[in-house]
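The chain contents come next:
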Amino acid sequence: MAQNEIVRVRFAPSPTGQLHIGNVRTALFNWLFARQKRGTFILRIEDTDLERSEARYETQLMDDLKWLGIDWDEGPDVGGPYPPYRQSDKMDVYRGYAERLIKEQKAYYCFCSAEELERDRQQAMAEQRQPNYSGKCRNLDPAEVERRRSSGEPAAIRLKIPEHPIRFYDIVRGDVEFSNEVVSDPIIVRSSGMPIYNYVVVIDDADMKITHVIRGDDHISNTPKQVAVYEALGLPVPEFAHLSTILGPDRERLSKRHGATSMANFREMGILPEALMNYLALLGWAPSGGDREIFSKEELIKEFDLERVNPAPAVFDTEKLHWLNRHYIKQSPPDRIHQMGTEMLQRADLLPASVNGSVSGWANALIDLLAPYVDQLNQLRDKAKIIFNHDPISALALPENAEAFANDKGKAVARAFAKRASSESPLTPERFKAIMDEVKAETGAKGKDLFHPVRIMLIGSHSGPDFNKLIPVIEDGSRLELPVHVKSVRERVEESVAALEN
RNA sequence: GUCCCCGUCGUCUAGCCCGGCCUAGGACAUCGCCCUUUCACGGCGGUAACACGGGUUCAAAUCCCGUCGGGGACGCCA
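Here goes a summary of the coordinates provided. (Residues numbered from 1 in each chain as written. Chains lettered and ligands numbered in written order. Predicted model: local features only at pLDDT ≥ 70, side-chain atom pairs only at ≥ 80, totals over all residues. Heavy atoms only, no water.)

## Overview of the protein's contact with RNA strand B
Then, number 1: By nearness alone, 64 residues border RNA strand B, and Ser14, Gln130, Arg173, Arg190 and His452 come closest of all.
Then, number 2: Glu46 places a main-chain nitrogen or oxygen 3.4 Å from a sugar or linking oxygen of RNA strand B.
Then, number 3: Arg52 is positioned with one of its side-chain polar atoms (N or O) 3.1 Å from a sugar or linking oxygen of RNA strand B. (Near = heavy atom within 4 Å. Polar contact = N/O pair within 3.5 Å; in protein donor to acceptor, adjacent residues only side chain to side chain.)

Below, the structure is given as structure tokens:
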């Protein structure tokens, strides 16, 4: 790349479904590269496959990208100097170039039927040969071509692959070379007249003056065909960077059966955008030194380096994403987490559709109580069960809880605590502490033996949030009008003791 | 099957291009200890890797060859 060349990169998704996390990483790497080089980042919609493309996916993909924090300088919504930014709006251009290639004898009509080609392919595989196109239409007599064309026989257009090896430079992998023997003449225009991806991508990239093509490495085998198109058209070949595939824990390409794979999934789960961005950046890239994990958007832009991208495929690790997400939850301004958490709880019908006044304040306290315990914000729903679903009978039946009451001491603690707590309404953290001291003195229980029975009575589990924060949330919640009644401390201990005595 | 790509702790990776500073560093996970009158958070510490086999070299995780393993592509999909 020339010293003062302005970097122009693009992210070119097909609107055929939810944005896959692997594609999001591709978008991110393009964007980071552009922002660091003070270049241009372009969004282009590749919708030549009319069968599968849908407008709603296009809207959603733009929405998802913005959510992550990626913006674009040129695109279908914002325009730019090299329109159109949606391939379906550009058919005439592709057709024009194809006619030129035919005229220059760099491409030719192919009359082979899809069935015929499929048969050849199967046979080649069976004979352990490279399944290449035979080239049978390559040297058809021009008069015959003309006759068949004018009789209306359907024909696709194929590009002639040159008789020399095709080389290109890949920033991630270095020099790559393909023997021309393994690259067969590709179809560039379907018999229906619709052009093919490998062909239009080149024209679009050239028209948009793309300098670096950064994309998934599933395209690496397509690259020689595209280079051939550049050469046939006499267009400058950009630099490439092929990013490795993201794998699931079983080392297979990450797919739906591994769980969450789309942007939408992560959003719904309550993964913060900065956590996702940070995690994705670390998948296949690490700063020199490799001893930093936390990067803000600005730091990523500053530090990111395409040359340091790892060519080996990377396994997606949800645990590490969760670690980053917990980090960013803790770092977030409380208001933001309150708002996101409230929405999560509303969706679960645990909070009223409209939250204000005392309910709002209480909801915030509830979220503060639970948020430190979640990996992703939608886990708030489950964690909130300790407040909304108090059920002593099933709690006592749990094996890990039974232990706390296995000896008489546990029951004695429960009774001693219940006796005192029942007469306090509401119970305050100060009184709670005093009561615990009394229970300790009366029963001789301390540490685990003292706290576990009490905690199980209150929330049905021997582990959970700090009592000083927990008790006010329970007591305040019990006096609010909520979709699900929150039992008071008194209700909880009385029901628990009753269950215990049976 | 053919071609292409890849191979450092369980996982993400630093180191590899420019051999010695690597008795291989960091992070997640895991285990232990401390803190906490419980739990979590936090702090401290531990276990854990150069796929294998040949070269080249005084010296190889680093260079070369082979084997094995993994992934991808082979479409009138993108």
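What follows picks up the thread again.
## What to know about helix H13 (residues 357-370)
Then, number 1: Between the first and last C-alpha of H13 there are 20 Å, a value that for 14 residues agrees with the 20 Å anticipated at 1.5 Å per step.
Then, number 2: Every buried residue of H13 is listed here: Val359, Trp362, Ala363, Asn364, Leu366, Ile367, Leu369 and Leu370.
Then, number 3: For H13, the elements touching its buried residues are helix H12 (334-347), helix H14 (380-383), helix H15 (385-388) and helix H21 (467-478). (Helix = DSSP H or I, 4+ residues; strand = E, 2+ residues; numbered from the N terminus. Expected span 1.5 Å × (residues − 1). Buried < 20%, exposed > 50% of the residue type's maximum accessible area, 1.4 Å probe, protein only. Contact = heavy atoms within 4.5 Å.)

## Describing the environment of Phe33
Then, number 1: In this fold, Phe33 is placed in helix H1 (residues 21-36).
Then, number 2: When the C-alpha positions of Phe33 and Pro224 are compared, they lie 24 Å apart, and in sequence the two are 191 residues distant.
Then, number 3: Aside from chain neighbours lying at most four places away, what touches Phe33 is Val7, Val9, His212, Ile214, Phe304 and Leu306.

## A few points about the pattern of salt bridges
Then, number 1: Throughout the structure, instances matching the rule amount to 40 salt bridges.
Then, number 2: The shortest N-O distance in the salt bridge between Asp64 and Arg267 comes to 2.9 Å. Highlighted residues: Asp64 in helix H2 (residues 55-68) and Arg267 in helix H8 (residues 263-269), separated in sequence by 203 residues.
Then, number 3: Salt-bridge contacts for Arg326 lead to Asp375; the nearest nitrogen and oxygen are separated by 2.9 Å. (Salt bridge = Lys/Arg side-chain N within 4 Å of Asp/Glu carboxyl O.)

## As for the nonpolar core
Then, number 1: Counting residues in each nonpolar core, the largest one holds 109 residues, and the members touching the most others are Phe316, Trp362, Ile387 and Phe417.
Then, number 2: When residues of this core are assigned to their parent elements, the largest contribution, nine residues, is made by H1.
Then, number 3: Once you skip the residues sitting within four places of it in the chain, Ile387 turns out to touch Trp362, Leu366, Leu369, Leu470, Val473, Ile474, Val486 and Arg492.
Then, number 4: Counting residues in hydrophobic clusters, the runner-up holds 40 residues, among them Met91, Leu101, Val202 and Leu233. (Core = buried A, V, L, I, M, F, W, Y, C linked by side-chain atoms within 4.5 Å.)

## Some words on helix H19 (residues 429-443)
Then, number 1: The first and last C-alpha atoms of H19 sit 21 Å apart over 15 residues, in line with the 21 Å expected at 1.5 Å per residue.
Then, number 2: Where the residues of H19 are buried, they touch helix H18 (408-421), helix H20 (448-459) and H21.
Then, number 3: One or two positions beyond H19, positive phi appears at Gly444, with a value near 80°.

## Examining the packing of aromatic side chains
Then, number 1: A full pass over the atoms with the stated rule returns 11 aromatic pairs.
Then, number 2: Seen in terms of ring centroids, Phe168 and Phe240 are 5.4 Å apart; in terms of plane orientation they differ by 70°. Their pairing is edge-to-face. Here Phe168 is found in strand E5 (residues 166-170), whereas its partner Phe240 is found in strand E9 (residues 239-243), with 72 residues between them in sequence.
Then, number 3: Under the relative-accessibility criterion, Phe168 is labelled buried at 5%. (Phe/Tyr/Trp six-rings, centres within 6.5 Å; stacked < 30°, edge-to-face > 60°.)

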